[in-house]
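Observations on the three-dimensional arrangement
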Amino acid sequence: SFTDPVVSMDLLRAVLQPSINEEIRAVFNKYMKFFQKAAINVRDNVGEEVDPEQLIQETCRSCLEQAKLLFSDGKKVVPRLPHEQVVPKRARQMDEELNRRGSPIPKKRKGRPPVQSLSNDRGVSGMAAWKLKVSEPVRRDGPKWDPSRLTETTTFVLGSRANKALGMGGTRGRLYIKHPHLFKYAADPQDKHWLAEQQHMRATGGKMAYLLIEEDIRDLAASDDYRDSVDLRLEELKPFVPPAWMTEKMQKHMETLRRGGDAPPPECPPE
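Residues numbered from 1 in each chain as written. Predicted model: local features only at pLDDT ≥ 70, side-chain atom pairs only at ≥ 80, totals over all residues. Heavy atoms only, no water.

Let me state the cut-off plainly: UniProt positions are given in the numbering used here, feature names are shortened, and annotations may be inferred rather than shown by experiment.
The name that an unreviewed UniProt entry assigns to the protein chain is Deoxynucleotidyltransferase terminal-interacting protein 1, with the source organism given as Uria aalge. UniProt, in the comment section headed Subcellular location (unreviewed entry), describes the protein chain in these words: "Nucleus". One UniProt comment on the protein chain, placed under Function (unreviewed entry), says "Increases DNTT terminal deoxynucleotidyltransferase activity (in vitro). Also acts as a transcriptional regulator, binding to the consensus sequence 5'-GNTGCATG-3' following an AT-tract. Associates with RAB20 promoter and positively regulates its transcription. Binds DNA and nucleosomes; may recruit HDAC1 complexes to nucleosomes or naked DNA."

In structure tokens form, the structure reads like this:
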């Protein structure tokens, strides 16, 4: 028996945690349609460099952080942004509207195209895919997630080119959502400077640029989903070998993700 009350309560929490997690997933699945539409709208307004999957994951994490306020003892308060004072009322209105009408589709705005169905190409694979994102974590194991496979001769391709090669046009976020198991590395400013110098990409300032392993993309192209596609354009890949310092950063990034952590802080290349 345990006499420490904290230990006793934590044992109870550990027993109940799986059930709690399932109920939390159900709550997020209920609102995922809103997050999906908003993320796609942001991508349409900002540009194809926006990763809708990343936006949705960050929003879900932010929701969990703010939910901690429900159990705050008054000593530690999660800082709120100014606009969040009106969020609870708006969230209740959206929930009531959803329950009353049974539909999450908002009113059409003048001057904007109607929101397309979640089951078409624009919505990628519909709500089933987004439920999968929440309830089933992406597996990062096996030989493709072994950092030792990244050597000084490993070839990489830009995410934008991989999308075109697989027949997805310039819709960069679609590849990452459809194949979340792919290793992707977000280039930092030093990486993008090298890529621009070598004319692998145009200088894009603050825009996001992802690097993917060429072998992974060619394996996808040879799969049943793509090999018979008339839109397959593997000549669009334009693979390249990055410098050793960049490959080393990608090895560390892969190892961190495989262990379930966040990306490490970017390191500057040697002079």
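1. Quick notes on the overall build of the protein chain
Formally: Secondary structure is summarised from DSSP: a helix means a run of H or I of at least four residues, a strand means a run of E of at least two, and numbering begins at the N terminus for each. Think of it in three bands: residues with accessible area under 20% of the maximum for their type are buried, residues over 50% are exposed, and the middle band is partly exposed, with areas taken using a 1.4 Å probe on protein chains only. Whether two residues are in contact is decided by their heavy atoms, any of which lying within 4.5 Å being enough. For the accessible areas, the method is Shrake-Rupley and the probe is 1.4 Å, while residue cover comes only from the protein chains on display.
Helices and strands together make up the secondary structure of the protein chain, namely nine helices and three strands. Walking the protein chain from its N terminus toward its C terminus, one meets helices and strands in the order α-α-α-α-β-α-α-β-α-β-α-α. Within the protein chain, buried positions represent 32% of all 271 residues. Taking contacts inside the protein chain between residues at least 6 apart in sequence as the whole, the part at least 24 apart equals 72%. Total accessible area on the protein chain is roughly 17500 Å²; 55% of this is exposed by carbon and sulfur atoms.

2. Things to note about the pattern of salt bridges
Short version of the rule: Salt bridges are defined as contacts in which a side-chain nitrogen from Lys or Arg sits within 4 Å of a carboxyl oxygen from Asp or Glu.
Using the criterion set out here, one finds 15 salt bridges in the structure. Salt-bridge contacts for K249 lead to D188; the nearest nitrogen and oxygen are separated by 2.6 Å. You can see K249 sitting in helix α9 (residues 244-258) and its partner D188 sitting in the loop between β2 (184-186) and α7 (189-197), a full 61 residues away along the chain. The pair K249 / D188 is uniform in exposure class, with both members buried. When the shortest N-O distance is used, the salt bridge between R218 and E214 registers 2.7 Å. On the criterion of helical spacing, the pair formed by R218 and E214 is a turn pair, its members being four residues apart in helix α8 (residues 214-221). You can call R218 partly exposed: its relative accessible area is 36%. Its relative accessible area of 12% is what places E214 among the buried residues.

3. Re the packing of α7 against α9
For the record, the criterion: Whenever a helix is involved, its axis is fitted only over the stretch in contact; in every case the axis is a line through C-alpha atoms, and angles between N-to-C directions fall within 0 to 180 degrees. Angular relationships are summarised with four words: roughly parallel below 35 degrees, roughly antiparallel beyond 145, roughly perpendicular across 65 to 115, and oblique for the angles in between. We call a crossing left-handed when the near helix sits turned anticlockwise from the far one by less than a right angle, and right-handed when that turn is clockwise. For this scheme, ten residues count as nonpolar: Ala, Val, Leu, Ile, Met, Phe, Trp, Tyr, Cys and Pro. Four count as charged, namely Asp, Glu, Lys and Arg, and the remainder, Gly too, count as polar.
Relative orientation of the contacting elements α7 and α9 amounts to 140°, with a least axis distance of 11 Å. Here α7 lies oblique to α9, going by the angle between them. As for the relative orientation of α7 and α9, their crossing is left-handed in sense. Note on element contacts: α9 touches α7 through W245, M246 and K249, opposite Q190, D191 and W194. In terms of residue class, the contact of α7 with α9 is built from three nonpolar, one polar and two charged.

4. Remarks on the packing of helix α1 (residues 5-46) against helix α2 (residues 52-67)
How two helices sit against one another is set out by the angle between their axes and by the gap between those axes. Orientation of α1 relative to α2, taken along the N-to-C sense of each, is 135°, at an axis distance of 9 Å. When the interaxial angle is binned, α1 and α2 end up oblique. Once α1 is placed against α2, the crossing between them reads as right-handed. Contacts from I24, F28, M32, F35, Q36, A39, V42 and R43 of α1 reach α2 at P52, L55, I56, T59, C60, C63 and L64.

5. Examining α2
Inclusion rule: Multiplying 1.5 Å by the helix residue count minus one yields the expected span of that helix. To be clear, the arc concerns the directions from the helix axis to the C-beta atoms.
For α2, with 16 residues, the first-to-last C-alpha span of 23 Å sits near the 22 Å given by 1.5 Å per residue. Taken together, the buried positions of α2 are P52, E53, I56, C60 and Q66. Viewed end-on, α2 has its buried residues packed into an arc of 155°, placing them on one side of the element.

6. So, the sheet that holds strand β3 (residues 210-213)
Basically, it comes down to this: When DSSP finds two or more bridges between two strands, those strands count as paired.
Spatially, β1-β3-β2 is the arrangement adopted by the three strands of the open sheet, whose pairing is antiparallel. Lying at the two open borders of the sheet, with one neighbouring strand each, are β1 (156-158) and β2. The mean inter-strand angle of the sheet, taken between neighbouring strand axes irrespective of direction, is 30°. Bridge analysis of β1 against β3 gives three bridges, and the strand direction is antiparallel.

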